[in-house]
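Observations on chain architecture
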Amino acid sequence: MALKELAERECLRLLASRVVGRVAVVVDGEARVFPVNYLVDRDEIVFRTGEGTKLDAARSGALVTFEVDDSDPLYHTGWSVMVTGPLEAVTDPSELHRMQGLPVRAWGRDGQHIVRMPIAKVAGRQIERTSNGT
């Protein structure tokens, strides 16, 4: 097996290829991780949420980490992409109107609020099989 760092362009391609990721928010000095349905819109990650921790973080402009990955347990291969950036509640009426038309739903509950995360920093790694199969 070989571990390799992914180029930014490949990270963005992989990020856009999935629809479920996890957002990590620090609350009272403790990391909390939440699954979200998302999409990449322009240079931002967009998801819907209800009232609560994620929306509070967005309203305060908190710096968060977003992670998405894929793995093949049979071959022990896979990749992981992490994005860091500020979480923002979308409140501008024209942006809100545009984003309400995006095909993204909240994860398992009321998602009346739209949140975005400008992609400020992205990094990824991939585990590949080597030619000898290890």
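Counting of residues starts from 1 at the beginning of each chain's written sequence and follows it residue by residue. Reporting in this predicted model follows two pLDDT cut-offs: at least 70 for local features of residues, and 80 or more for side-chain atom pairs to be given and counted; totals over whole chains, interfaces and linings ignore these cut-offs and use all residues. Excluded from the side-chain calculations are hydrogens and water; all other atoms, namely the structure's heavy atoms, are used.

The rule is simple: take the accessible area with a 1.4 Å probe, protein chains only, and divide by the maximum for that residue type; under 20% is buried, over 50% is exposed, in between is partly exposed. Helix numbering and strand numbering both begin at the N terminus, where a helix is a DSSP run of H or I of at least 4 residues and a strand a DSSP run of E of at least 2. Of the two faces of strand β2 (residues 20–27), only the one carrying Gly21, Val23, Val25 and Val27 is buried; Val20, Arg22, Ala24 and Val26 on the other face are not. In this analysis, strands are considered paired if DSSP registers two or more bridges between them. Sheet analysis places β2 next to strand β3 (residues 30–37), joined by eight bridges and oriented antiparallel. Following the sheet pairing, Val26 is matched in β3 by Ala31. A loop of two residues connects β2 with β3, the two strands running antiparallel in sequence, and Asp28 in this loop sits at a positive phi of about 50°. Bridge analysis of β2 against strand β6 (residues 63–72) gives three bridges, and the strand direction is antiparallel. Paired with Val23 across the bridge in β6 is Phe66.

Where nonpolar side chains cluster on the molecular surface, the patch consists of Met1, Leu3 and Ile127 and spans about 260 Å² of accessible area. Along the chain, the position of Leu3 falls in strand β1 (residues 2–6). Relative accessible area serves as the criterion here: at 53%, Leu3 is assigned to the exposed category. Like charges within 9 Å and nonpolar side chains (Val, Leu, Ile, Met, Phe, Trp, Tyr) within 5 Å are joined into patches, using only residues over 30% in relative accessible area that form no salt bridge. Reported accessibility uses the Shrake-Rupley method at a 1.4 Å probe radius. Residues are deemed covered only where the shown protein chains occlude them. Each salt bridge in this description consists of a side-chain nitrogen of Lys or Arg and a carboxyl oxygen of Asp or Glu lying within 4 Å of one another.

Attention now moves to the sheet that holds β3. To summarise the sheet geometry, strands pair through backbone hydrogen bonds and adopt either a parallel or an antiparallel arrangement. On the basis of which strands lie adjacent, the open sheet formed by six strands has the order β1-β10-β7-β6-β2-β3 and antiparallel pairing. Bordering the open sheet on either side are β1 and β3, each of which pairs with just one other strand. The average undirected angle you get between the axes of adjacent strands in this sheet is 20°. For β6 and strand β7 (residues 77–86), the ladder comprises ten bridges, and the chain directions are antiparallel. Bridge pairing in β7 links Ser71 to Gly78. Against the sheet, helix α1 (residues 8–16) contacts β1, β6, β7 and β10 (121–128), and its axis sits at roughly 85° relative to β10. Note on method: axes are straight lines fitted to C-alpha atoms, helices fitted across the in-contact stretch only, with angles between N-to-C directions ranging 0 to 180 degrees. The contact definition used throughout considers only heavy atoms, calling two residues in contact when any of these lie within 4.5 Å.

For the structure on display, the rule yields 13 salt bridges. One salt bridge in this structure joins Asp69 and Arg22, with 2.8 Å as the shortest N-O distance. One end of the pair, Asp69, is in strand β6; the other, Arg22, is in strand β2, and 47 residues separate them in sequence. When the shortest N-O distance is used, the salt bridge between Arg59 and Glu51 registers 3.2 Å. Of the residues examined, Glu51 reaches a relative accessible area of 41% and is grouped as partly exposed. Salt bridges linked by common partners bring Asp41, Arg42, Glu44, Glu88, Glu95, Arg98 and Arg116 together as one network.

Let's shift gears to the sheet that holds strand β5 (residues 44–49). Pairing in this open sheet of four strands is antiparallel, and the strands run β4-β5-β9-β8 from one edge to the other. At either margin of the open sheet sits one strand with a lone partner, and together these are β4 (39–41) and β8 (88–89). The pairing of β4 with β5 spans three bridges and is antiparallel. Across the sheet, residue Leu39 finds its bridge partner in β5, namely Val46. Strand contacts of helix α3 (residues 93–100): β4, β5 and β9 (113–118), with the helix running at about 100° to β9, the strand carrying the most contacts.

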